[in-house]
Structures are given as structure tokens and as C-alpha cells.
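These are the residues of each chain, in order.
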Protein chains: 2
Amino acid sequence: MRIAVDAMGGDHAPQAIVEGILLAAQEYSDVEFILYGDGEKIKPYLGDHYNTDKIKIVHTSEKIESDDEPVRAIRSKKQASMVLAARAVKEGKADALFSAGNTGALLAAGLLIIGRIKGIDRPGLMPVLPVIGKDEQFVFMDVGANADSKAENMHQFGILGSYYSEFVLGKKNPKVALLNNGSEPRKGSELSKKAYDLLAADEGINFIGNTEARELFSGLADVIVTDGFTGNAVLKTIEGTAMSVMELMKASILDGGVKAKLGGLMLKDSLRTVKDTMDYSKFGGAVLFGLRAPVVKTHGSADKVAVYHTIKQIRQILTSNVIDDLVVHFETLNEKQAIE
Amino acid sequence: MRIAVDAMGGDHAPQAIVEGILLAAQEYSDVEFILYGDGEKIKPYLGDHYNTDKIKIVHTSEKIESDDEPVRAIRSKKQASMVLAARAVKEGKADALFSAGNTGALLAAGLLIIGRIKGIDRPGLMPVLPVIGKDEQFVFMDVGANADSKAENMHQFGILGSYYSEFVLGKKNPKVALLNNGSEPRKGSELSKKAYDLLAADEGINFIGNTEARELFSGLADVIVTDGFTGNAVLKTIEGTAMSVMELMKASILDGGVKAKLGGLMLKDSLRTVKDTMDYSKFGGAVLFGLRAPVVKTHGSADKVAVYHTIKQIRQILTSNVIDDLVVHFETLNEKQAIE
């Protein structure tokens, strides 16, 4: 399998990207990488691995900046590392696209260059998040590929998430829930009530009803569906709250005198465990799911370990053939609807 | 000032409610309480304070349960403690309504019995939340009085929050921000773009633009405006995430052997500081704001201290005369619009 890598995207590019790719290349001998970016800047981090069978470089000096307007950037910067990497996937030269760059631009590149699975109206952005207290994960979508989602889109997020949970994460008959403002069936906004009806009517998925954001981490569902605006706010609230609590903890240890400082030292491992559990970058990045190939975005601040985990995830997605299965699912659906 | 108290609402009613009222009555000699509920059940917690000048009981054996359908309950249980308390406010026998009961029913009682300020289309539910690292608070609305908000409602939330921040919390020229999926001006859903335009065009408020949920606790704004669906999800995500992090901390201390347990003991005060900082019940309850009188809801699980803090908050609201100011604001606005 071949992964097209936008080597210039992210706060620590190209160093973190290239070092992460090297870590992955050492472990996975069945993966070939094509790195798109500035050859001179990439070279120092590759050493002996520069332009081998497994790691190829395609040089380009153009790149998309984090504050570029997404669609305009994709259209005007035709030689940007991200655009070239997306085109390689489109043309069959690579099987998947990885980037830590401008999220909006990556969404635009995915939609405009790689294209959607036939029958999918809008792809969604889907991170893999930890269930607290269990060694399990759940997927949550859409966290912001769309500023406005329709109920039909949310129904498709349920199908997409279900496939991912089953074929990539190995859950049997994954439970799908709808994020709502109450757990009872008739709760919610006009939008969430419509999405509820569509999800409930689909016998192909194991829909268990509404869930509230308070229960997100409880493991109650394997797939949690929401519209792109709410999902974006919820994911950023998780990050903001977890960060605030950890900062408060740190401040209160530093302000707490000798006893607290000593206690803090003794609890160093425990505090690290908490941080590690909440750090979902170990499950990989957020998948822009619903496209004809895996497009995966990791955090702009990703380090080499996060990059490595994201490559591991992309390899799992490719090995699972989940996208081919989705293509068949939506083709069959289209045929059925055509007959009816 | 006189506060009508739904003595039967909440998980620990009437005990926590009555004990909290007693704490408040000891401190605030200018407040009279009318307790609505089961006299026999309330009496044991009042002791000598049963039916004094300051604390009166209005007996009723009917009450609204936490799983009652809100509007139906308000209409059919005409003798319920919450309904009687709301009616007392409506009839001018009390100045404010306090409850820890069924949130939906309290919203319905507020809307249907007490009524909106003229010119307000939809009231919002507004908690007071802590700025992390500073001894300051911000208000956030709507967290769920409405399942669907219009842009015009969100504009009014900005005005309402601004008045609260200035007159109750004492902020000069409070900064108002819109929760959005990016901080740039043209970001967002159709709804949030419209709300942005209305907030930006209103010269009466100090609108500073968009903010992302990651920055909620940063103190960037004194008032954060959102629609009722997103606000509900965000508030519940804050609670779920903070709870998860604290639980993880506890589990990792218990699993961490002797050293971690000792460290945990030494850090007990620091851990309590963190919990206290995040516990926003010390700022009172969530105000159902936009009604003709203060209606304040505290958490169903509130203890006597939370009840006490909520009474303190209601007293501040009444002392500030903020609702009279809002009535004048919207009357003037109506007159202006009539002339134009």
C-alpha cells in the first residue's frame, strides 16, 4: 500500500512528519510513502532513507499555509504539497492521503480532488476517542467537515461510523447513538428529531437512540452521530475542559507549598496516565470519511509519535477494505432505490 | 424581597432545599421565603423556624416529578409546589422563583405562568461559569431553554447576558462573543453567520466577534452567546469531561501503589482546589433570563450549600434591578421601532 504524505503541513513540519514516517516505515514493511514537499528541507531528517524504495520524495516548493482560505488555496496553489498528494490519490498513484496541515484546505482537497463515494452527500470528519475506564474506543462524527448538516447527512454519518467501528476497530454489531439534548426518544431540535427518525428506520444499523454529551465517554455507544456544528463545539469543549483541569492541577500543585510539590512528584506517573488516557492522538487522526480513499488529518501540533499512530491507523483502514465495502453498500442502495 | 421556593424539587428535597434556605435566612435578614410543598415533610428540617415572619409555608401535597412531561405537568398539576410558587410570582406575592426540580417544567412554568419581558421572543437558560486562573466569571446562554434558536433570539441573548454581566456581576462594558466553529468573522453555520451580523450591528453591546469552544474558560469574553442546542451540548460536555478527568485521576491514584496513594494524600487539598474551581454551583444556578421576574434553577443534585449560593444570586439579581432595566430597554426599542 502507498500513502501520499503532505510533508509540509502542521506546526512542526517537515521534521515531525518525516520523523513519524520513519518510525512507521521501520515497523510496517508493507507500506510505501510518497512525501510531497521541499526536498532540501525534508532531506536532513531522512538521512540514509532519502529516496529509497519505501520512501520517495516529490519535490515542490509551494505549500498551503494554516491561514489560507481553503477552497481558494486548493484552486490557486496547484503545486502545493497537499494538492499534489491529493492528486496522486486521485490518479491511483497512492491509496491514501495524510496531512497535519490546514483542516479546511484538506477537506476541500478531499472533496474537490479525490471525490466522494457515490451516494454519499457529505463526508464527515471523524476522530476516534477513548472510552474512560475501558480499553475501548468510539467514533464521533461529524466534528466539523460541515458547518451545516442535514438529517440525511447525519443518517449517513451513522452508516459510515458503523462500518468504521466494525471493519476497522473490530466491533461486532456496533451501537450507534445520536447526540441530543435529552435521552428520551422525542427530544431535540427539528434537525435531531428528523435524524433520529432516519437512523431508527434503518435496519442496517444498530441504532440505540439518543445520548447526552455528559455520557460521551461512558462507552454507551460505539458510534456517536451529530451535526458538524455541534460536533465541532463538543470536540473543542472536550479539549478546552481537559486542558483547563490539567492546568488547574498544575497550578494548584505549584501554589500548594512543599507538601503539594512532594505529592505532585509522587503522583507524576498517575498524572501522566491521566494525560495519556485523554490524549486521543494515539488512536490516530480524524478521518475525513465518505471519500473514495482514506484522507486522515492529524492535529497541527502533532509530534512524530502522533504521526506514527496516524500512519498505523491509515494502514488499518486500507487493510480492512472498509471503503470498498462502503462503495458496495451505497451502490446496492442506489440500485434498490432505482428498482423501487 | 420575597422568594417563592419550590421546596419539593430536586434529588434531595425537601431536606437540602430547606437547610439551604435556613443558611440563607441567617445571612440575609432582608429576604422573606415562601416555601411551597408538603408541610409535614418540610417541618422537621425547619425546627424553630417553622412559619416565622421570614419563612412561611404554603402546604401542598402535589409535586412535579423529574420525569413528568413538562408542559402537560404544568397544565394538569395545578396544585404542584412549582406551579403554586410560579403563580405567587405572577400575582405579585413573591419577587422571584427558585427551584431544583424538573428543568423543562420550570421553563414551562416561567413562560406560561410568569411570562416574558415584552419584546423578548425567547428567554434563555444562563449559567455563570468560572474563568480559569482568574477570580472572574462569564455567562453563557442559551444552554437549553430552546431546542432551536433563531438568530434574533441569539442577538437577544447577547443583550440579556450583557445586562446581567454589567448590573449583577459588575463588569464595565462587558465583552460579548459568539460561540462559533472558527474565530474569523465569516466562519460558521447559516445560523451563526446571521447571529454574528445582528450582534455586530447592535451598537448597544460590546461585541468582540467569534470564539471557539476551546477558549471558553480563557476569560476572553464576559458573555458567550450560542443557540440552545449547541449550548446544551457544550455545557454537558464540560460536565462530562471534567468528571471523567477527575475520575481518571482517582483511579490512577488508587491503582498506582503506595507511592501514588501517599502522593494523593499529600495532594488532597490541591485536588479539592481543582474541584472547587470547576464547581460553578458556588456562583448560583442557571437563570431563566428574559422573564418578568428572576426564575433560577439549581442542579437537581444540589446540596444545601448550592441552594444557599443560588439564593445569594437571586438576592443580587433583585438588588440590581436588572429586570426593570431590561423592561425599559425593550420598551424603548419597541417605541423606536414604532417611530421608524
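As recorded in an unreviewed UniProt entry, chain A goes by the name Phosphate acyltransferase, listed as coming from Jeotgalibaca dankookensis. Quoted straight from UniProt, the Function (unreviewed entry) entry for chain A says "Catalyzes the reversible formation of acyl-phosphate (acyl-PO(4)) from acyl-[acyl-carrier-protein] (acyl-ACP). This enzyme utilizes acyl-ACP as fatty acyl donor, but not acyl-CoA."

For the rest of this paragraph, the subject is the pairing of strand 11 (residues 286–289) of chain A. All names here are of chain A. By the alternation rule, side chains of strand 11 split into Ala286 and Leu288 and Val287 and Phe289, which are all buried. Alignment of strand 5 (residues 124–126) against strand 11, held across three bridges, turns out to be antiparallel. Bridge pairing links leucine 125 to leucine 288 in strand 11. Pairing of strand 11 with strand 12 (residues 295–297) involves three bridges; the strand directions are antiparallel.

On to the nonpolar core. Core analysis: the largest hydrophobic core is formed by 234 residues, its most contacted members being Phe33, Leu35 and Phe289 of chain A together with Phe33, Leu35 and Phe289 of chain B. With near-sequence residues (within four places) excluded, phenylalanine 289 of chain A lies in contact with Pro123, Gly124, Met126, Met141, Leu160, Tyr164, Val322, Ile323 and Leu326 of chain A.

Right, let's talk about the side chain of lysine 236 of chain B for a bit. Tracing the chain through its elements places lysine 236 of chain B in helix 8 (residues 228–254). A relative accessible area of 8% places lysine 236 of chain B in the buried class. A distance of 3.0 Å separates the side chain of lysine 236 of chain B from the backbone oxygen of asparagine 181 of chain A, its partner in a polar contact.

In screw terms, the move from chain A to chain B is a rotation of 180° and a rise of 0.0 Å along the axis, fitting with an RMSD of 0.0 Å. The transformation relating the two chain copies, once decomposed into turn and shift, fits a two-fold axis. For chain A, the residue whose C-alpha comes nearest the rotation axis is glycine 263 of chain A, separated from it by 2.0 Å. When the interface residues of chain A are mapped onto chain B, 100% of them are again interface residues, pointing to one common binding face.

Time to look at the domain arrangement of chain A. Taken domain by domain, chain A consists of domain 1 (1–120 + 290–340) and domain 2 (237–274). Its C-alpha centre places domain 1 of chain A at a distance of 36 Å from the equivalent point of domain 2 of chain A.

All names here are of chain B. As for its position among the elements, lysine 93 is in the loop between helix 4 (81–90) and strand 4 (96–99). Note: C-alpha distance between lysine 93 and lysine 193 (100 residues apart in sequence) is 43 Å. If we skip the residues at most four places from it in the chain, lysine 93 touches Arg2, Ile34 and Ala88.

Reading guide: rules and limits
Residues numbered from 1 in each chain as written. Chains lettered and ligands numbered in written order. Predicted model: local features only at pLDDT ≥ 70, side-chain atom pairs only at ≥ 80, totals over all residues. Heavy atoms only, no water. UniProt positions renumbered as here; feature names shortened; annotations may be inferred. Buried < 20%, exposed > 50% of the residue type's maximum accessible area, 1.4 Å probe, protein only. Helix = DSSP H or I, 4+ residues; strand = E, 2+ residues; numbered from the N terminus. Pairing = 2+ DSSP bridges. Core = buried A, V, L, I, M, F, W, Y, C linked by side-chain atoms within 4.5 Å. Contact = heavy atoms within 4.5 Å. Polar contact = N/O pair within 3.5 Å; in protein donor to acceptor, adjacent residues only side chain to side chain. Least-squares fit on C-alpha atoms with pLDDT ≥ 70 in both. Domains from an automatic or database assignment.

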